[in-house]
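Each chain, letter by letter, is given below.
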Amino acid sequence: MSAPTHPRSLPSAAAPRARATAGAGTRLHWWALALPALAFGLLLMLLAGSGEAHAAGGEGSSLVQVAEQLLRAVG
């Protein structure tokens, strides 16, 4: 059994112009760029620091120290 279909109407002459200008006013939220950039930076630091991995000692790793500094700067 097939579903009922509706005939398509042809787009008016104003529709392409309205569609082209509708996207021009759209803005990204700040987190749409900040979160992927932050995730990329953290993953890059994890990869860069993996060569000097060692057993956990009394001091925190450089990644933890950098993350704490970032949180203090943002917060």
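Residues numbered from 1 in each chain as written. Predicted model: local features only at pLDDT ≥ 70, side-chain atom pairs only at ≥ 80, totals over all residues. Heavy atoms only, no water.

Thoughts on the overall build of the protein
- A count of helices and strands for the protein gives three helices and zero strands.
- From first element to last, N terminus to C terminus, the protein shows the α and β order α-α-α.
- Each of the 75 residues in the protein was classed as buried or not, and the buried ones make up 0%.
- Working note: accessible area of the protein is about 7,300 Å², and carbon and sulfur atoms make up 66% of it. (Helix = DSSP H or I, 4+ residues; strand = E, 2+ residues; numbered from the N terminus. Buried < 20%, exposed > 50% of the residue type's maximum accessible area, 1.4 Å probe, protein only. Areas by Shrake-Rupley, 256 points an atom, 1.4 Å probe, with all protein chains shown as cover.)

A short note on the layout of surface pockets
- Taken as a whole, the second largest pocket holds about 190 Å³ of empty space.
- Mapped by element, the contributors of at least two residues to the lining of the second largest pocket are α2 (30-49) and α3 (62-74).
- The residue inventory of the lining of the second largest pocket, partitioned by class, reads six nonpolar, no polar and no charged. (1 Å grid on protein atoms, 1.4 Å probe; cavity = no way out; pocket = protein on both sides within 12 Å on 5 of 7 lines; lining within 4 Å. Points joined across faces, edges and corners; volume = space filled by probe spheres on them. Nonpolar A, V, L, I, M, F, W, Y, C, P; charged D, E, K, R; others polar.)

Comments concerning the packing of α2 against α3
- One way to put it is that α2 packs onto α3 with a least axis distance of 10 Å and a crossing angle of 155 degrees. Taken together, α2 and α3 sit at an angle that is classed as roughly antiparallel. Handedness of the crossing formed by α2 with α3: right-handed. On α3, the residues that touch Leu-38, Leu-42, Met-45 and Leu-46 of α2 are Leu-63, Val-66 and Leu-70.
- Of the residues that constitute the contact of α2 with α3, the class distribution is seven nonpolar, no polar and no charged. (Axes fitted to C-alpha atoms, helices over the stretch in contact; angles between N-to-C directions. Parallel < 35°, antiparallel > 145°, perpendicular 65-115°, else oblique. Left-handed = near helix turned anticlockwise from the far one by under 90°. Contact = heavy atoms within 4.5 Å.)

Here we look at the confidence of the model for the protein
- Averaged over all residues, the pLDDT of the protein is 75; the fraction at 70 or higher stands at 63%.
- Mean pLDDT across the elements of the protein bottoms out in helix α1 (residues 14-22) (56) and peaks in α2 (89). (pLDDT = per-residue confidence, 0-100.)

A short note on a nonpolar patch on the surface
- The grouping of Trp-30, Trp-31, Leu-35, Leu-38, Leu-42, Met-45 and Leu-70 at the surface amounts to a nonpolar patch, some 710 Å² of accessible area in total.
- Counting residues per element, the nonpolar patch draws most heavily on α2, at six residues.
- Position of Trp-30 among the secondary structure elements: in helix α2.
- A relative accessible area of 67% places Trp-30 in the exposed class. (Patch = residues over 30% accessible without salt bridge, like charges linked within 9 Å, V, L, I, M, F, W, Y side chains within 5 Å. Salt bridge = Lys/Arg side-chain N within 4 Å of Asp/Glu carboxyl O.)

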